Amino acid sequence: METTTAVWAVFAAAAAVIYWFVWVMGAAEVKGKRAVDLKMGSITSDKVQDNYKQYWSFFRRPKETAGDSTNVPAFVDTFYNLVTDIYEWGWGQSFHFSPSIPNLSHRDATRIHEERAADLINARPGLKVLDVGCGVGGPMRAIASHSRANITGITINEYQVARARAHNRKAGLDSICDVVCGNFLSMPFSDASFDAAYSIEATCHAPKLQDVYREIYRVLKPGALYVSYEWVTTPLFRADNEEHVEIIHGIERGDALPGLRSHDEIAVIANEIGFEVLEEKDLAKPPAGPWWTRLKMGKIAYWRNHLLVSALTMLRIAPKGVVDVHEMLYETAGHLTRGGETGIFTPMHMILCRKPSTATNVAAADE
Ligand SMILES: C=C(CC[C@@H](C)[C@H]1CC[C@H]2C3=CC[C@H]4[C@H](C)[C@@H](O)CC[C@]4(C)[C@H]3CC[C@]12C)C(C)C
Ligand SMILES: C[S@@+](CC[C@H](N)C(=O)[O-])C[C@H]1O[C@@H](n2cnc3c(N)ncnc32)[C@H](O)[C@@H]1O
């Protein structure tokens, strides 16, 4: 072989490897981002590392200020600036777990878990439904396609609003799906303005569940249904077991949680606000397939992703700090997996509630 031909062959092979590594392997898990498009929400690239440090400082706050929850929405917003693109790239547009179903893809299992929420609140054409903590709108689009209900989502993170709106347009669902930026602890909606509501793995970010349930109760019409998939510790959790405590702390640190609640607090709080509790169930319990296997099976993929984000950072395609955030998520995946395997944690404690038909618009806990 001539030298020039050999050089060209080496170049072509290298180009093919880079293409495969970045565009094929680095493509979004389901449908969303490519690794080369990793930004960090609305943070400018030079501020990513500072924001990452700021995120961690929340967990190092002095004991005297630990009870002060006023800064939680800002801390959660910073978290989603840091992780939204990595989530979309490595997981898809639905930022939640679902029970695995034999012979079904993650994508289908995710859709089924979302449609279940829609069916529980009897979502149907013409109904005005609220999505509390909507992320980039994966569940919203699945539920809108399934039910043809009109859905309004709310998220604290401006960058997610832009992503969700772009996805809604692309899916041709923008006539029935909209997203607003706001705090679910004080929502920019009038009293009794929604026919139904759901929240999927989002209210765990509220420092006090009462505050978000009270707001949801306020904006729902009397008789309206509300379903939530809550992150909680299960009856198997033991506060005097060091490993259990470490797993739960690990989940809190890596997922911007001010403090995980126990399974038995949820219905008590819903009742306290004035909701009638119609059903409560841990959707992770058998016969449901394990929700954590999707995290566990990806060990090799994590290493590939780690190499990819490191290479993209070195080439200055991805901002400095992405590697740290990715490392944090990798560790979190370990804690979540242990939480699932030990059975001490579930991300799908389902509670179905109704605002009484006779309700005046004052939440019981306010009276
Ligand atoms: C409900 C919440 C988020 C739940 C999940 C969507 C995310 C929790 C942990 C995330 C991930 C962990 C490991 C990442 C991996 C290292 C990377 O290479 C690709 C993305 C991950 C798989 C990432 C994806 C999203 C999660 C599974 C919380 C915040 C309340
Ligand atoms: C894990 S994501 C789940 C998103 C979506 N439900 C899904 O399943 O894809 C949690 C969402 O809750 C939102 N959130 C957290 N705290 C919030 C707050 N105080 N006000 C509004 N949204 C909030 C986040 O911005 C994010 O969109």
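The protein carries the name Methyltransferase in an unreviewed UniProt entry, which gives Dioscorea cayennensis subsp. rotundata as its organism. Word for word, the UniProt comment on the protein under Pathway (unreviewed entry) is "Steroid biosynthesis; sterol biosynthesis." The Sequence similarities (unreviewed entry) field of the UniProt record for the protein holds the comment "Belongs to the class I-like SAM-binding methyltransferase superfamily. Erg6/SMT family."

1. Structural notes on the site of ligand 1
Surveying the vicinity of ligand 1 reveals 22 residues, the closest of which are Tyr80, Trp231, Asn305, His326 and Leu329. Asn305 places a side-chain nitrogen or oxygen 2.9 Å from an oxygen atom of ligand 1. Isolated, ligand 1 exposes 640 Å² of accessible area, and the fraction of that covered by the protein chains is 99%. Mapped onto the shell around ligand 1, the elements with two or more residues apiece are helix H3 (72–90), helix H11 (299–314) and helix H12 (322–342). Its residues assigned to classes, the shell around ligand 1 comprises 15 nonpolar, five polar and two charged.

2. Re the nonpolar core
Counting 46 residues, the largest nonpolar core has Ile121, Tyr198, Trp231, Ile251, Trp291 and Phe345 as the members making the most contacts within it. Residues within four places of Ile121 in sequence aside, it is in contact with Val129, Ala196, Ala197, Tyr198, Leu225, Tyr226, Val227 and Leu352.

3. Re the packing of helix H2 (residues 48–57) against H3
Remark: H2 packs on H3, axes separated minimally by 10 Å, with the N-to-C direction vectors making an angle of 135 degrees. By the criterion of interaxial angle, the relationship of H2 to H3 is oblique. Crossing hand, H2 versus H3: left-handed. Contacts between H2 and H3 involve Val48, Asn51, Tyr52, Gln54 and Tyr55 from the first element and Phe75, Thr78, Phe79 and Leu82 from the second.

Scoring rules and cut-offs
- Residues numbered from 1 in each chain as written.
- Chains lettered and ligands numbered in written order.
- Predicted model: local features only at pLDDT ≥ 70, side-chain atom pairs only at ≥ 80, totals over all residues.
- Heavy atoms only, no water.
- UniProt positions renumbered as here; feature names shortened; annotations may be inferred.
- Near = heavy atom within 4 Å.
- Polar contact = N/O pair within 3.5 Å; in protein donor to acceptor, adjacent residues only side chain to side chain.
- Areas by Shrake-Rupley, 256 points an atom, 1.4 Å probe, with all protein chains shown as cover.
- Helix = DSSP H or I, 4+ residues; strand = E, 2+ residues; numbered from the N terminus.
- Nonpolar A, V, L, I, M, F, W, Y, C, P; charged D, E, K, R; others polar.
- Core = buried A, V, L, I, M, F, W, Y, C linked by side-chain atoms within 4.5 Å.
- Buried < 20%, exposed > 50% of the residue type's maximum accessible area, 1.4 Å probe, protein only.
- Contact = heavy atoms within 4.5 Å.
- Axes fitted to C-alpha atoms, helices over the stretch in contact; angles between N-to-C directions.
- Parallel < 35°, antiparallel > 145°, perpendicular 65-115°, else oblique.
- Left-handed = near helix turned anticlockwise from the far one by under 90°.

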